[in-house]
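Structural features, examined
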Amino acid sequence: MAPFSDRFNDTTFGTCDDDKERKMTRLGDYAEHAYAMLRIMAGFMFAMHGVQKVFGLLTERETEVFSQLWFGGIIELVCGILILIGFQTT
């Protein structure tokens, strides 16, 4: 078996036929939309966990105000909203 570096310096490694390259190019057109959807969903989930901890929404127990768990919920809520709106994204 060839050494690790020789296997990846092979000229045939990573070559694709034209059909596969065209498919990947078409998928690449949607990359920005996919990243935006991932960011929005991750921010929404993060914020919802914060809402659950801070306001006791959809849970049986309520978190004490100014407890460590409550502050964690505040952080999740605020940061989740910032992720959701795309704060400091390029």
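So, a few notes on the structure that sits alongside this text. (Residues numbered from 1 in each chain as written. Predicted model: local features only at pLDDT ≥ 70, side-chain atom pairs only at ≥ 80, totals over all residues. Heavy atoms only, no water.)

Within the protein chain, the regular secondary structure consists of four helices and zero strands. Listed by position from the N terminus, the elements making up the protein chain come as α-α-α-α. Out of the 90 residues in the protein chain, the part that is buried amounts to 14%. Sequence-distant contacts, at least 24 apart, represent 52% of the contacts inside the protein chain between residues at least 6 apart. Within the structure as shown, the protein chain displays about 7,800 Å² of accessible surface, and the carbon and sulfur contribution to it stands at 63%. (Helix = DSSP H or I, 4+ residues; strand = E, 2+ residues; numbered from the N terminus. Buried < 20%, exposed > 50% of the residue type's maximum accessible area, 1.4 Å probe, protein only. Contact = heavy atoms within 4.5 Å. Areas by Shrake-Rupley, 256 points an atom, 1.4 Å probe, with all protein chains shown as cover.)

The description of an aromatic ring pair uses the distance of the two centres, along with the angle that the planes make with each other. According to the stated counting rule, one finds three aromatic pairs in the structure shown. On the numbers, 6.1 Å between centres and 50 degrees between planes, the contact of Phe-66 with Phe-71 is tilted. By relative accessible area, which is 42% here, Phe-71 ends up partly exposed. What links up through ring pairs into an aromatic cluster is the set Phe-66, Trp-70 and Phe-71. (Phe/Tyr/Trp six-rings, centres within 6.5 Å; stacked < 30°, edge-to-face > 60°.)

One can describe the packing of helix 3 (residues 31–55) onto helix 4 (residues 68–85) by two numbers: an axis separation of 7 Å at closest approach and a directional angle of 155 degrees. In terms of their interaxial angle, helix 3 and helix 4 are classed as roughly antiparallel. The way helix 3 lies across helix 4 gives a crossing that is left-handed. Counted by class, the contact of helix 3 with helix 4 contains 17 nonpolar, five polar and three charged residues. (Axes fitted to C-alpha atoms, helices over the stretch in contact; angles between N-to-C directions. Parallel < 35°, antiparallel > 145°, perpendicular 65-115°, else oblique. Left-handed = near helix turned anticlockwise from the far one by under 90°. Nonpolar A, V, L, I, M, F, W, Y, C, P; charged D, E, K, R; others polar.)

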